[in-house]
Amino acid sequence: MDAAQVPAAVVVDVGALTGPIGSEAPAAPKGPAWKRFLYHVGPGFMVCLAYLDPGNLGTDLQAGADHRYELLWVTLIGLIFALIIQSLSANLGVVTGRHLAELCKTEYPAWVRICLWLLAELAVIAADIPEVIGTAFAFNILFHVPLWVGVLITGSSTLLLLGLQKYGVRKLELLVGLLVFVMAACFFIEMSIVKPPAEEVIHGLFIPSLSGPGATGDTIALLGALVMPHNLFLHSALVLSRNTPSSVRGINDACRFFLLESGVAMFVALIINICIISVSGTVCNSSNVSPDDSAKCSDITLDSSSFLLRNVLGNSSAVVYGVALLACGISSSITGTYAGQYIMQGFLDIKMRQWLRNLMTRSIAIIPSLIVAIIGGSSGAGRLVIIASMILSFELPFALIPLLKFSSSSSTMGQHKNSIFIIGFSWILGFVIIGINIYFLSSKFVGWILHNSLQIYANILIGIVVFPLMLIYVCAVIYLTLRKETIKFVACGELQTIETDKSKLANGSNMEEKKDQLV
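Fair warning: this is a prediction, and the values are worked out from it, not measured in the lab. (Residues numbered from 1 in each chain as written. Predicted model: local features only at pLDDT ≥ 70, side-chain atom pairs only at ≥ 80, totals over all residues. Heavy atoms only, no water.)

Draft legend 1. Geometry of the packing of helix H5 (residues 72-96) against helix H12 (residues 229-238). Axis separation between H5 and H12 bottoms out at 7 Å; the angle between their running directions is 40°. What the angle tells us is that H5 and H12 run oblique. Of the two elements, H5 crosses H12, and the hand of that crossing is right-handed. Seen from H5, the contacting residues are Ile 85, Gln 86, Ser 89, Ala 90 and Gly 93; seen from H12, they are Asn 231, Leu 232, His 235 and Ser 236. (Axes fitted to C-alpha atoms, helices over the stretch in contact; angles between N-to-C directions. Helix = DSSP H or I, 4+ residues; strand = E, 2+ residues; numbered from the N terminus. Parallel < 35°, antiparallel > 145°, perpendicular 65-115°, else oblique. Left-handed = near helix turned anticlockwise from the far one by under 90°. Contact = heavy atoms within 4.5 Å.)

Below, the structure is given as C-alpha cells:
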C-alpha cells in the first residue's frame, strides 16, 4: 500500500516488518561496560571516513595554503555538528530497528519516495567521485599508471575488499579501522616533520577569525564538505548489525555506546584534519617557499600536493603522501559503496545478490570518473571533484530533513524521543547547515553568471531555466519540513513493553482460571 493511502492511525510494527534487530549478529555481551562498549565499536569509524575522504583532503589543503591555521576552528565546529547529526542517525536505527531509507519508503508517497531515492543515489555518485579520483591519483603517484587505469583499479579493488562482507561486517569494519590508522600515521609523520607552531595551531582551533580574501568562501566550503547526505543513511543502517536488546535499558545503552564510539571516531577525524591544514599552512606560508611551490599553493590539487614535503623528505614525500591518499580513497570508497547498497535496498526493496548490488553501485560512480579521466585528464578530474562537492551541498536537505523529522517525532521514536532542547538544537543546527549550503550554491551560480564569457542572451536563457529550478528546490525543502507524518511507528522497546503487559495480563487470567477450578 502506498504511504499516501495509509490512514493516520495506522501503526507500523517495526519488529514484525524487519525481524529482530541484528538477527544475524551474535548476541550482545553481558558484563562490564567496557566490554559492551567494544561490542558496539565499528559503525562510527566507518562513518567518520566521509570526513576524511579526498574531497575533504583537497578542501583542507587549500584552506591551510590560503589562511594558514586561521580556519581550524571551522573544522572543529563542523565535526561537532557532524557528531550531533550522526548520533541522531544512529539513535534512529537503534530505536526503530530500521534505517533511514526504509523509514522514508514507508512514510512518504510514491512520487516523493522516488524523488528522494534518485537524489540519494545522486548523492552517492557525487560522494564517490572524489574518492575514486583521489584513489586513482594515489595509484598514479605510487605506481605511475595513467589516471584512467587508476580509476579501473580503484573500482575492482573496492569490490574485492567489499567481498569481506561474506565473513561478516565486523571484518570489514576492522579493515576500515586499519586504513584510518594508516592514514592517521602518515599525516602525523608529515606534521612531526613540518613542526607547525603549537601556539598558533591552538589559537586557530579555538579563536574564530575570518580575515583575508576568500575566508568566507573557504569557510563555507569546509562546512559544506563535512556533512555528507549518504552518511546519514549509512549510519542508521550500520548500527543494525549489532544485536541490540529490545528493552528500554538495552536501547539506551546502545545509543550511549554508539555516541561514545562516534565521538572517538570523530576525534580521530579532527586530529587528521588538523594535521592536513597545519602541514599545508606551514609549508605554503614559510619564508623560503620557492616561486614554483608558491604557484602550486594558490591552486592545490590532489595529484600535486606531495610537493609539501619535498624539501624535508625528498623523493620519499611522494610515497608518504601517496600511501595516505590511497588509504583515504579506498576506505571512503568502501563506505560509499556500502551506503549505496542500503539506499537501494531501503527505498526500492530490491532483492538481488550482494555481489551484483555491489557491482551496480560501484559502476554507477566509476563511469563518470572514468569518462572525465580519459577525456580531461588530471585537470578535468580536479574540476569534477569540485562539481561533486557542489552536488553534495545541493543534496543535503533531502536526507537531513527526513532524519530530523523522524528523530524529533514521538510517533517514530516513542519514549526514546529526544528532549525539547536536543530537538530545538538539532533543527537550528540543521537549518544553519542547509542555509550555508544554499548560500554557497547561490553565490557560486550568481558569481558564474556575472563573470562568465557567454553572450547576454545565453545568460538570460540559463537564468530562465535555473531560477525556477531554485524555486522548486526551496519549495521541496519547505514541503519536507512542514509535511505532517501519516504513519505511527512502534519502537522496539515499546513493543517489548506491550508484549510484557500482555504476558502479565495473560498470566493473571490463567491464575484466576486456576483458582476458579480449585473452588
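Draft legend 2. Here's a closer look at the side chain of His 40. Mapped onto the fold, His 40 is located in helix H2 (residues 33-40). We classify His 40 as buried; its relative accessible area is 7%. Once residues within four sequence positions are removed from consideration, His 40 is found in contact with Arg 242, Ala 254, Phe 257, Phe 258 and Glu 261. (Buried < 20%, exposed > 50% of the residue type's maximum accessible area, 1.4 Å probe, protein only.)

Draft legend 3. Broad picture of a nonpolar patch on the surface. A contiguous nonpolar surface patch, about 620 Å² in accessible area, is contributed by Trp 148, Leu 152, Ile 367, Ile 371, Ile 374 and Ile 375. Every element with two or more residues in the nonpolar patch is listed here: helix H8 (147-162) and helix H17 (354-395). At 4 residues, the largest contribution of residues to the nonpolar patch is made by H17. In this structure, Ile 367 sits in helix H17. (Patch = residues over 30% accessible without salt bridge, like charges linked within 9 Å, V, L, I, M, F, W, Y side chains within 5 Å. Areas by Shrake-Rupley, 256 points an atom, 1.4 Å probe, with all protein chains shown as cover. Salt bridge = Lys/Arg side-chain N within 4 Å of Asp/Glu carboxyl O.)

Draft legend 4. View of the nonpolar core. Counting residues in hydrophobic clusters, the biggest one holds 75 residues, and the most contacted among them are Tyr 51, Leu 57, Phe 187 and Leu 325. With sequence-adjacent residues up to four places away left out, Leu 325 is seen in contact with Pro 54, Leu 57, Gly 134, Phe 137, Ala 138, Ile 141 and Leu 302. Grouped together as the second largest cluster of nonpolar side chains are 45 residues, Leu 100, Ala 120, Phe 347 and Leu 396 included. (Core = buried A, V, L, I, M, F, W, Y, C linked by side-chain atoms within 4.5 Å.)

Draft legend 5. Broad picture of the pattern of salt bridges. Counting across every chain of the model gives 5 salt bridges. For the salt bridge of Arg 483 with Glu 107, the shortest nitrogen-to-oxygen distance reads 2.6 Å. Here Arg 483 is found in the loop between helix H21 (456-482) and strand E2 (488-490), whereas its partner Glu 107 is found in helix H6 (residues 100-107), with 376 residues between them in sequence. Accessibility expressed as a relative area gives 13% for Arg 483, which makes it buried. Between Arg 256 and Asp 253 there is a salt bridge; the shortest N-O distance is 2.9 Å. Residue Arg 256 and its partner Asp 253 are located together in helix H13 (residues 248-284), separated by 3 residues, close to a single helical turn. Judged by relative accessible area, which is 46%, Arg 256 ranks as partly exposed. Here the salt bridges share partners, and the residues they tie into one network are Arg 36, Arg 249, Asp 253 and Arg 256.

Draft legend 6. The packing of aromatic side chains, seen in detail. All told, the structure shown has 9 aromatic pairs when counted by the stated rule. For the pair Tyr 338 and Tyr 342, a centre-to-centre distance of 5.4 Å together with 70° between the ring planes defines the contact as edge-to-face. Taken together, the residues Tyr 338 and Tyr 342, both in helix H16 (residues 316-348) and 4 residues apart, mark about one turn of the helix. Across from the ring centre of Phe 257, 5.1 Å away, lies the NZ or CZ of Arg 256, which sits over that ring. (Phe/Tyr/Trp six-rings, centres within 6.5 Å; stacked < 30°, edge-to-face > 60°. Lys NZ or Arg CZ within 6 Å of the ring centre and 35° of its normal.)

Draft legend 7. Summary view of helix H7 (residues 110-143). Taking 1.5 Å as the rise per residue, H7 with 34 residues should run 50 Å; its terminal C-alpha atoms sit 48 Å apart, in good agreement. Approximately 25° is the largest bend angle found in H7, and it occurs at Asp 128, with the proline Pro 130 only one to four residues beyond. When you tally the buried positions in H7, you get 25 out of 34 residues, the bulk of the element. Positive phi shows up at His 144, right after H7, with a value of about 60°. (Expected span 1.5 Å × (residues − 1). Bend = angle between axes of the 7 residues up to and from the residue.)

Draft legend 8. Broad picture of unusual backbone geometry. A positive phi is found at His 144, a non-glycine position, where the angle reads about 60°. With respect to the helices and strands, the residue His 144 is situated in the loop between H7 and H8. Classification of His 144 by relative accessible area gives exposed; the value is 67%. One non-glycine residue with positive phi stands out, namely Lys 195, at about 55°.

Draft legend 9. Expanded view of H12. Among the 10 residues in H12, 10 count as buried, and that is most of the element. Of the residues making up H12, those classed as buried are Pro 229, His 230, Asn 231, Leu 232, Phe 233, Leu 234, His 235, Ser 236, Ala 237 and Leu 238.

Draft legend 10. Expanded view of the confidence of the model for the protein. Across the protein, pLDDT averages 77, with 79% of residues at or above 70. The lowest-confidence element of the protein is helix H1 (residues 14-18), averaging 42 in pLDDT; the highest-confidence one is H6, averaging 92. For residues 1-24, every residue scores under 50 in pLDDT, and the model assigns this stretch 48 contacts once sequence neighbours within four places are set aside. (pLDDT = per-residue confidence, 0-100.)

Draft legend 11. Up close: the environment of Leu 302. Residue placement: Leu 302 occurs in the loop between helix H14 (291-298) and helix H15 (310-313). Measuring from C-alpha to C-alpha, the distance between Leu 302 and Val 385 comes to 9.9 Å, with 83 residues separating the pair along the chain. With residues near it in sequence (within four places) discarded, Leu 302 still touches Pro 54, Leu 57, Gly 58, Gly 134, Phe 137, Ile 141, Tyr 321 and Leu 325.

Draft legend 12. Region of interest: the environment of Ala 237. Tracing the chain through its elements places Ala 237 in helix H12. A relative accessible area of 3% means that Ala 237 is categorised as buried. Each C-alpha atom, one on Ala 237 and one on Ala 339, is 8.5 Å from the other, the two residues being 102 residues apart in sequence.

Draft legend 13. Quick look at the side chain of Lys 405. Position of Lys 405 relative to the elements: it lies in helix H18 (residues 397-407). Of the side chains with opposite charge, Glu 485 comes closest to the buried, unpaired Lys 405, at an N-O distance of 6.0 Å. At 3.4 Å, the side chain of Lys 405 forms a polar contact with the backbone oxygen of Thr 481. For Lys 405, the residues in contact, after removing those within four places along its chain, are Trp 427, Leu 480, Thr 481, Leu 482, Arg 483, Lys 484 and Glu 485. (Lys, Arg positive; Asp, Glu negative; His and termini not counted. Polar contact = N/O pair within 3.5 Å; in protein donor to acceptor, adjacent residues only side chain to side chain.)

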